[in-house]
Amino acid sequence: AIAINDKNPEAFVQLGDCLAEKDPNNPSAAIAEYTNALNVDPKYTRAMLRKGMLYTRVQQSSAWEEALKYFDQAIAIDPTFAPAYREKAEIQRKSSMYKEAVESYAKYYELNKSCRVQQRYAAFVFLSKDYANAIVELEKALPCNPDYVYMYRFLGKSYYETGDFAKGLENINTFFSR
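Residues numbered from 1 in each chain as written. Predicted model: local features only at pLDDT ≥ 70, side-chain atom pairs only at ≥ 80, totals over all residues. Heavy atoms only, no water.

Describe in detail the side chain of Gln118, supporting the description with residues and values.
Among the structural elements, Gln118 can be located in helix H7 (residues 115-127). A relative accessible area of 13% places Gln118 in the buried class. Side chain to side chain, Gln118 and Tyr109 meet in a polar contact 3.4 Å long. Ignoring any residue separated from it by four or fewer positions in sequence, one finds Gln118 in contact with Tyr109, Lys140, Ala141 and Cys144. (Helix = DSSP H or I, 4+ residues; strand = E, 2+ residues; numbered from the N terminus. Buried < 20%, exposed > 50% of the residue type's maximum accessible area, 1.4 Å probe, protein only. Polar contact = N/O pair within 3.5 Å; in protein donor to acceptor, adjacent residues only side chain to side chain. Contact = heavy atoms within 4.5 Å.)

Below, the structure written as structure tokens:
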């Protein structure tokens, strides 16, 4: 595809994806292809996203900071580019930046209303230790997939932390019974 049309940034992204899968321990070839995509189109958000995602694989905060830069660039170019918010939230969570992660995931949830995203957002609110709001979000998310048992664990802890011990015990018992 690149030989036929070297002005198609998606072809470079696809090649970068293949190289990243082929050798996950050496992302330099994949990063080079994502950079090629950005050279073709400096506003190609998918290339920014993929480049940032490669940096998230490295278990160092300096690499995570680099990843955040790419996610923020993609968001600045296209504020409706939902995957950048998701990846940003995930790296913020890994960095224990829970309040910021909730904000990023809230934007992702606003752009992608699915059961899985709703439940993940509720989990982020729980992780931020905003237990009162976690209860609200967890209760809203639970009906879309009541078999996701960890929601009961999160509810149990949230009710406990807000002083509703009976509901906390009820939810933690549901968690253990399932």
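Continuing now.
Give a description of the pattern of salt bridges that names residues and reports values.
Tallied over the entire structure, the rule returns 12 salt bridges. The salt bridge partner of Glu66 is Lys69, with a shortest N-O separation of 3.6 Å. Placement of the pair is Glu66 and Lys69 together in helix H4 (residues 61-77), with a separation of 3 residues, close to one helical turn. Two residues, Glu90 and Arg120, come together in a salt bridge whose shortest N-O distance is 2.8 Å. You can see Glu90 sitting in helix H5 (residues 82-94) and its partner Arg120 sitting in helix H7, a full 30 residues away along the chain. Glu90 sits in the buried class, given a relative accessible area of 17%. Given the relative accessible area of 26%, Arg120 is considered partly exposed. The network of salt bridges with common partners includes Glu90, Arg93 and Arg120. (Salt bridge = Lys/Arg side-chain N within 4 Å of Asp/Glu carboxyl O.)

Which residues make up the packing of helix H3 (residues 45-57) against H5, and what values do they have?
Taken N-terminus to C-terminus, the directions of H3 and H5 make an angle of 15°; their axes are 10 Å apart at the nearest point. Judged by the inter-axis angle, H3 sits roughly parallel to H5. When you trace H3 past H5, the crossing you get is left-handed. Of the residues in H5, those in contact with Leu49, Met53 and Thr56 of H3 are Pro83, Ala84, Glu87, Ile91 and Lys94. A class-by-class count of the residues in the contact of H3 with H5 yields 5 nonpolar, 1 polar and 2 charged. (Axes fitted to C-alpha atoms, helices over the stretch in contact; angles between N-to-C directions. Parallel < 35°, antiparallel > 145°, perpendicular 65-115°, else oblique. Left-handed = near helix turned anticlockwise from the far one by under 90°. Nonpolar A, V, L, I, M, F, W, Y, C, P; charged D, E, K, R; others polar.)

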